[in-house]
Amino acid sequence: SQTIHQWPATLVQPVGSPLSLECTVEGTSNPNLYWYRQAAGRGLQLLFYSVGIGQISSEVPQNLSASRPQDRQFILSSKKLLLSDSGFYLCAWSGGKTYNEQFFGPGTRLTVL
Amino acid sequence: QKEVEQDPGPLSVPEGAIVSLNCTYSNSAFQYFMWYRQYSRKGPELLMYTYSSGNKEDGRFTAQVDKSSKYISLFIRDSQPSDSATYLCAMKITDSWGKFQFGAGTQVVVTP
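Residues numbered from 1 in each chain as written. Chains lettered and ligands numbered in written order. Predicted model: local features only at pLDDT ≥ 70, side-chain atom pairs only at ≥ 80, totals over all residues. Heavy atoms only, no water.

S.K.: What's the story with the overall build of chain B in this structure? I'm lost.
M.R.: In terms of helices and strands, chain B carries zero helices and 11 strands. Going from the N terminus to the C terminus, chain B shows its helices and strands as β-β-β-β-β-β-β-β-β-β-β. A globule of 112 residues ought to have a C-alpha radius of gyration of about 13 Å, and chain B, at 13 Å, matches this closely. Once the C-alpha set of chain B is aligned to its principal axes, its extents read approximately 40 × 30 × 25 Å. The burial tally for chain B puts 42% of its 112 residues in the buried class. At a minimum sequence separation of 6, the contacts of chain B that also span at least 24 residues come to 55%. Summing over all exposed atoms, chain B offers an accessible surface of approximately 5,400 Å²; the carbon and sulfur share of this is 47%. Counting 11 positive and 11 negative side-chain charges, chain B places the averaged centre of each group 7 Å from the other. (Helix = DSSP H or I, 4+ residues; strand = E, 2+ residues; numbered from the N terminus. Rg over C-alpha atoms; globule rule 2.2 N^0.38 Å. Buried < 20%, exposed > 50% of the residue type's maximum accessible area, 1.4 Å probe, protein only. Contact = heavy atoms within 4.5 Å. Areas by Shrake-Rupley, 256 points an atom, 1.4 Å probe, with all protein chains shown as cover. Lys, Arg positive; Asp, Glu negative; His and termini not counted. Charge placed at Lys NZ, Arg CZ, Asp CG, Glu CD.)

S.K.: What am I meant to see in the state of the cysteines here?
M.R.: Among covalent bonds in proteins, the disulfide is the one between the sulfur atoms of two cysteines. Residue and element names in this part refer to chain B. All chains considered together, the criterion is met by two disulfides over all chains. There is a disulfide in this structure between Cys23 and Cys89, and the S-S distance comes to 2.0 Å. Across the disulfide from Cys23 to Cys89, rotation about the S-S bond amounts to roughly -105°, and the bridge is consequently left-handed. Of the two residues, Cys23 sits in strand β3 (residues 19–25) while Cys89 sits in strand β9 (residues 85–92), which places them 66 residues apart along the sequence. Each member of the pair, Cys23 as well as Cys89, carries the same accessibility label: buried. (Disulfide = S-S within 2.5 Å.)

S.K.: Could you clarify how one ought to interpret the interface of chain B and chain A in this entry?
M.R.: Each partner contributes to the interface: chain B provides 22 residues, whereas chain A provides 23 residues. Around 1,700 Å² of area is buried between chain B and chain A when both sides are counted, 59% of it from carbon and sulfur atoms. In this structure, Lys99(B) engages Glu59(A) in a salt bridge whose closest nitrogen and oxygen atoms are separated by 3.3 Å. Elements with a minimum of two residues in the side of chain B that touches chain A: β4 (32–38), β5 (45–51) and β9 of chain B. Ranked by residues supplied to the side of chain B that touches chain A, first place goes to β4(B) with four residues. Considering only residue class, the side of chain B that touches chain A consists of 11 nonpolar, six polar and five charged. (Buried area = accessible area lost by both parts, 1.4 Å probe. Salt bridge = Lys/Arg side-chain N within 4 Å of Asp/Glu carboxyl O. Nonpolar A, V, L, I, M, F, W, Y, C, P; charged D, E, K, R; others polar.)

S.K.: Please explain the environment of Val60(A) as it appears in this structure.
M.R.: Residues and elements named next belong to chain A. In this fold, Val60 is placed in the loop between β6 (55–58) and β7 (64–70). Spatially, the C-alpha atom of Val60 lies 15 Å from that of Gly87, the residues being 27 residues apart in sequence. Excluding residues within four positions of it along the chain, Val60 makes contact with Gln45, Leu46 and Leu47.

S.K.: Could you clarify how one ought to interpret the side chain of Arg37(A) in this entry?
M.R.: Its location among the elements puts Arg37(A) in strand β4 (residues 32–38). Reaching out from Arg37(A), the side chain makes a polar contact with the side chain of Tyr89(A) at a distance of 3.1 Å. (Polar contact = N/O pair within 3.5 Å; in protein donor to acceptor, adjacent residues only side chain to side chain.)

S.K.: Before we go on, may I ask you to explain the packing of aromatic side chains in this structure?
M.R.: Note on aromatic pairs: each is described by the distance of the centres and the angle between the planes. In this structure the tally under the stated criterion is 14 aromatic pairs over all chains. A ring pair is formed by Tyr34(A) and Tyr36(A), whose centres lie 6.2 Å apart and whose planes are at 20°; its orientation type is stacked. Look at Tyr34(A) and you get buried, because its relative accessible area is 1%. Three or more aromatic residues joined by ring pairs make a cluster, and in this case those are Tyr34(A), Tyr36(A), Tyr49(A), Phe104(A), Tyr36(B), Phe100(B) and Phe102(B). Across from the ring centre of Phe88(A), 4.5 Å away, lies the NZ or CZ of Arg109(A), which sits over that ring. Looking at Lys92(B), its charged tip hangs above the ring of Phe100(B), at a distance of 5.3 Å from the centre. (Phe/Tyr/Trp six-rings, centres within 6.5 Å; stacked < 30°, edge-to-face > 60°. Lys NZ or Arg CZ within 6 Å of the ring centre and 35° of its normal.)

So, in structure tokens, the structure goes:
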């Protein structure tokens with residue numbers, strides 16, 4: 001069966017510090033990968049999605065970036081965090097027989113102080 | 001106007017009642033429809049997936065899609081306190097890679 005991992009689960013960072021969140025998927029190959037941000041009490045905002053290694057599409061202009069160095073690894077980064085980057089970050093995948101179903105990781109709660 | 005509209009709630013129901021949730025959408029190209037359940041501080045969990053119009057039942061959950069009205073629904077029968085969560089609808093156009101469009105989620109509270 002497929003599983004998706006995210007780490008860390010919780011992160012508190014000062015303004016201006018760098019960020020690196022990691023997501024890995026097990027049990028499938030060539031998944032579509034997604035990064036979302038969910039602000040408190042709000043819906044999911046798509047940040048990036050990737051259909052293959054090195055292929056990244058950005059949905060929202062911001063100080064975040066994403067990379068996909070391996071087939072099942074997706075990384076969200078920032079060089080300098082802003083207060084507005086606080087939120088709940090979710091990685092998700094779709095693919096295989098289930099391109100029309102999307103599965104989410106446990107999330108990373110980021111607080112920027 | 002948002003592509004997918006969903007009442008944020010909260011929707012409070014007594015235990016054992018039927019929970020009725022819905023989403024409306026504006027893009028008639030959507031063909032694939034999903035419902036997710038999200039507990040506080042957790043990632044969303046896929047509950048139901050339906051293609052095109054019609055009904056789908058899975059245990060206490062029933063999903064309905066009315067493409068002519070651009071309206072989808074989720075019903076939860078015999079609701080339990082453990083059903084208290086936020087429910088998000090999602091939809092997609094293509095049968096391949098692509099973006100999922102989510103509603104903002106409805107918070108449901110089932111009281112014992």
